[in-house]
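# Structural characterization, general
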Amino acid sequence: MSNDERIELAELLFPNIKHDRNYYENMYPERKLKEGAMVTRFGPSPTGFVHMGSLFGSFCDSVFAKQSNGIFYLRIEDTDQKRSIENGIDGIFSDLDAFDIVPDESSIVGGEYGPYIQSERTEIYQTYVKDLIIRGYAYPCFMTEEEIAAIREEQEINKTKLGIYGVYAVDRDLSLGEIKEKLNNSEEYVIRLKSPGNSKNEVEFIDLVKGKIKFPENDMDLVLLKKDGTPTYHLAHVIDDHLMHTTHVIRGDEWVSSIPLHIQLFDILGFDRPQYVHTAPITKKDDGGIRKLSKRKDPEAKVSYYDEVGIPIDAVKLYLATILNSNFEEWYLNNSEKSIDDFTFSFDKMAVGGTLFDLDKLNNISKTYFSRKSGEDVYNETLAWANKHDLEYAKLLEENKDDMIKFLSIEKDGPRPRKDIAKYSDVKEEFSYAIDSMFIEENYAKNESNKVYDINLVLDYINNYLDLNVTNEEWFNKVREFAVENGYAATPKEYKKNPDDYKGHVGDICEAIRVMITGRMKSPDLFSIMRVLGKSRILDRIDLYSKIYK
RNA sequence: GCUGCCAUCGUCUAAUUGGUUUAGGACGUCGCCCUUUCACGGCGGAGAUUACGGGUUCGAGUCCCGUUGGCAGUACCA
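Residues numbered from 1 in each chain as written. Chains lettered and ligands numbered in written order. Predicted model: local features only at pLDDT ≥ 70, side-chain atom pairs only at ≥ 80, totals over all residues. Heavy atoms only, no water.

## Focus on the pattern of salt bridges
- As enumerated under the stated definition, the model contains 39 salt bridges in all.
- Notably, a salt bridge pairs E105 with R31, separated by 2.8 Å at the nearest N-O pair. Of this pair, E105 sits in the loop between α4 (88-98) and α5 (122-134) while R31 sits in the loop between α2 (21-27) and β1 (39-42); the two residues are 74 residues apart in sequence, bridging distant segments of the chain.
- A relative accessible area of 8% means that E105 is categorised as buried.
- The exposure class of R31 is buried, given its relative accessible area of 13%.
- Two residues, E381 and K373, come together in a salt bridge whose shortest N-O distance is 3.2 Å. (Salt bridge = Lys/Arg side-chain N within 4 Å of Asp/Glu carboxyl O. Helix = DSSP H or I, 4+ residues; strand = E, 2+ residues; numbered from the N terminus. Buried < 20%, exposed > 50% of the residue type's maximum accessible area, 1.4 Å probe, protein only.)

Next up, the structure:
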């Protein structure tokens, strides 16, 4: 086809495209950012809610943009209208928002480089494709699905590479006359790349996490515009990331094999290539095999799962940070005052292979997260959570605010704070003794002890020995005295030496008190609990206990 | 089939870029200690002949080749 014929073809195919590419090049000039600032983007399809994998991706995007004083923007990739679901976009925004991942530019907050929804950029894509046709790098392809399937079958039998390339790209050299004829017959077509590549040549590129990768050059005539004039991911990626001036394309590593195509497209279009960062998937063991975490099969893949179960969002982010950079975990352990924002992430500390999702680790991270929070913070966060997921409990929390904070603050100060809560829902369980109205008979059934304790002994102690206005040490010494007077050993050690000489030891007395006033065998510091409760509530509980066990 | 990536304790990983490594840490697990219980903390154990085989080298977890295994892509889906 001659130059003039290609221009004629381009006009024929895209009569409505009036601008040329310079129009857009001028409309979206280079960003004015500091040296080293990264421009990253998250490009979800509105096909459902955000899952762990894409949350991880967007977390990377935002972290690297933030720490380099760059820009993180969100681009909705909805070029496949068949898969898009209703409210899909809203779901993405609300999920990201819940994790405090805030794009600097998006279809909601706007920005100079929009529109940020691909379905609104069709004209832009077509402008560039029109240019490609004029320059002989693209052509209309009229192959039907059946024809393509037949080719594929043939290729499978011959065990050659699958796809439309070389001799299989039957429409790549159609004459203008032939094309016109098909157009007049209203045959449907797509626009394919007329790949200038040769698979015998090698292309090389640097991936910032995987390093140098070599591929055979792309020689496939891949689809650029679909039958409906909408772009494929490949085309949209190249044009958008160029026009929006993305510096670092961070995406899942299922894309690495398309790299030869993408860099070819960048080159043909005369764009600078971005840096590529391909991240390993988060995986899960399943039936002996390993697969990506799946929204369908794994509840923990759903980002909303964590909120439902009561794992703090920041704990999840902390976990994401530990799988993002292998040196983060140790840093966080050694910097108890710092937060994720204080850590400098780097691409070379990212895992190359897939990472198995480890709920145990998340749990542990969540526990240390809680241990570093003050009682008041734990209270406030738990209340906020309960307001969403357990209104009844939320009400009780509000009614018992002062007490709750006191209980939650026990053994919180000092270098080794308590580390017993992993989820907001644990608070209700672990602190079941904290709220009077929840402290009912059934509580005692849960104390996992079959023992029946000596009520009179405990009453004697409470009435005649307990002084709540002393130090913990003074208090415990008193308990010791009381124990000895009643035939109990002062220490467990003494008891163990001569068990026959005693009825038991101090610990047994504490256990009796603990079970009666908390309903549990385990609790934070007993004396602290008693101080919060006060004598009369202690007596009430003993009274309740005696009703059941007498 | 073709193309590419990956391979260190159950899991996540470290190993100053080939040089005291009896391969380090964290999570999990087990035991002991601390202790009025639990949690925390401390100490310790089990758990990896660095997938396997060859090569280069004075020296290999680290470099090269092969094998095996896992993963991904191979769409008018992203």
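## Let's talk about the protein's contact with RNA strand B
- In the vicinity of RNA strand B lie 57 residues, with T79, K226, E329, R418 and K419 positioned nearest.
- For RNA strand B, the fraction of protein-proximal atoms (within 4 Å) that sit in sugar or phosphate groups is 71%.
- I290 places a main-chain nitrogen or oxygen 3.2 Å from a phosphate oxygen of RNA strand B.
- One nitrogen or oxygen atom from the main chain of S523 is found 2.6 Å from a base nitrogen belonging to RNA strand B.
- Elements with a minimum of two residues in the surface near RNA strand B: β4 (190-193), β6 (211-216), β12 (355-356), α13 (359-371), α20 (472-485), α21 (492-497) and α22 (506-518).
- Split by residue class, the surface near RNA strand B holds 21 nonpolar, 9 polar and 27 charged. (Near = heavy atom within 4 Å. Polar contact = N/O pair within 3.5 Å; in protein donor to acceptor, adjacent residues only side chain to side chain. Nonpolar A, V, L, I, M, F, W, Y, C, P; charged D, E, K, R; others polar.)

## With respect to the environment of P196
- Mapped onto the fold, P196 is located in the loop between β4 and β5 (202-207).
- As a C-alpha pair, P196 and D219 span 23 residues in sequence and 6.7 Å in three-dimensional space.

## Regarding α5
- With 13 residues, α5 ought to run about 18 Å at 1.5 Å a step, and its terminal C-alpha atoms sit 18 Å apart, in line with that.
- The buried count for α5 comes to 10 of 13 residues, which makes it a mostly enclosed element.
- When we look at burial in α5, the residues that qualify are I124, Y125, Q126, T127, Y128, V129, K130, D131, L132 and I133.
- Immediately beyond the C-terminal end of α5, within one or two residues, lies G136, with a positive phi of roughly 80 degrees. (Expected span 1.5 Å × (residues − 1).)

## Concerning the pairing of β6
- Of the strand pairs in this sheet, β5 and β6 are connected by 6 bridges, and their pairing is antiparallel. Looking at β6, one finds that F205 is bridged to I213.
- Linkage of β5 to β6, two consecutive antiparallel strands, is achieved through a turn of 3 residues. (Pairing = 2+ DSSP bridges.)

## Here's the deal with the domain arrangement of chain A
- In terms of domain boundaries, chain A breaks down into domain 1 (3-21 + 122-279) and domain 2 (375-548).
- The C-alpha-based centres of domain 1 and domain 2 are spaced at 70 Å. (Domains from an automatic or database assignment.)

## Some points on the nonpolar core
- Counting 106 residues, the largest nonpolar core has L55, M404 and M530 as the members making the most contacts within it.
- Each of domain 1 (3-21 + 122-279) and domain 2 (375-548) gives at least three residues to this core.
- In this view, L55 contacts V50, L96, F99, I101, V303, V316 and L320; residues no more than four positions away in its chain are not counted.
- By size, the runner-up hydrophobic cluster in this structure holds 47 residues, among which are V39, F142, L174 and L235. (Core = buried A, V, L, I, M, F, W, Y, C linked by side-chain atoms within 4.5 Å. Contact = heavy atoms within 4.5 Å.)

## Notes on the side chain of Q126
- Within the element layout of this structure, Q126 appears in helix α5.
- Judged by its relative accessible area of 16%, Q126 is buried.
- When neighbours within four sequence positions are excluded, Q126 is seen to be in contact with F14, I17, L225 and G229.

## Some details on the confidence of the model for chain A
- On average, residues of chain A score 92 in pLDDT, and 99% of them reach the 70 mark or higher.
- Model confidence for the complex is summarised by a pTM of 0.92, with the ipTM given as 0.94. (pLDDT = per-residue confidence, 0-100.)

## Re the sheet that holds strand β10 (residues 282-286)
- Spatially, 3 strands are ordered β11-β10-β12 in an open sheet, and the strand pairing comes out mixed. Edge positions in the sheet fall to β11 (289-292) and β12, since each has one partner strand and no second.
- Pairing geometry for β10 and β12, over 2 bridges, is parallel. If you follow T283 over to β12, its bridge partner there is L356.

## Quick look at α4
- Three or more residues of α4 are buried, namely G88, G91, I92, F93, D95 and L96.
- Those residues of α4 hidden inside the fold are in contact with β1, α3 (52-67), β2 (71-74) and α10 (303-309).
- Just downstream of α4 lies D100, where phi reads positive at about 60 degrees.

## Regarding the packing of helix α14 (residues 375-389) against helix α15 (residues 391-399)
- Remark: α14 packs on α15, axes separated minimally by 7 Å, with the N-to-C direction vectors making an angle of 145 degrees. The way α14 lies across α15 gives a crossing that is left-handed. In this structure, α14 uses Y379, T382, L383, A386, N387 and H389 to contact α15, whose residues at the interface are L391, Y393, A394, L397 and E398.
- Residues belonging to the contact of α14 with α15 are distributed by class as follows: 7 nonpolar, 3 polar and 1 charged. (Axes fitted to C-alpha atoms, helices over the stretch in contact; angles between N-to-C directions. Left-handed = near helix turned anticlockwise from the far one by under 90°.)

## Remarks on unusual backbone geometry
- Following G114, the chain continues to P115 via a peptide bond in cis, the omega torsion being 0 degrees.
- Looking at the secondary structure, you find P115 in the loop between α4 and α5.
- In the Ramachandran plot, S186 falls in the positive-phi region, its phi being about 45 degrees despite a non-glycine side chain.
- Here S186 shows up in the loop between α7 (176-184) and β4.
- For S186, a relative accessible area of 59% translates into the label exposed.

## Considering the packing of aromatic side chains
- If you walk through the whole model with that rule in mind, you get 31 aromatic pairs.
- Plain terms: the ring middles of Y23 and Y24 are 5.0 Å apart, the flat faces sit at 85 degrees to each other, and that makes the pair edge-to-face.
- For Y23, a relative accessible area of 35% gives the class partly exposed.
- Of the aromatic side chains, those joined through ring pairs into one cluster are F59, F328, W331, Y332, F343 and F345.
- The ring of Y113 has R31 lying over it, and the distance from NZ or CZ to the ring centre is 4.1 Å.
- The ring centre of Y332 lies 4.1 Å from the NZ or CZ of R372, which sits over that ring. (Phe/Tyr/Trp six-rings, centres within 6.5 Å; stacked < 30°, edge-to-face > 60°. Lys NZ or Arg CZ within 6 Å of the ring centre and 35° of its normal.)

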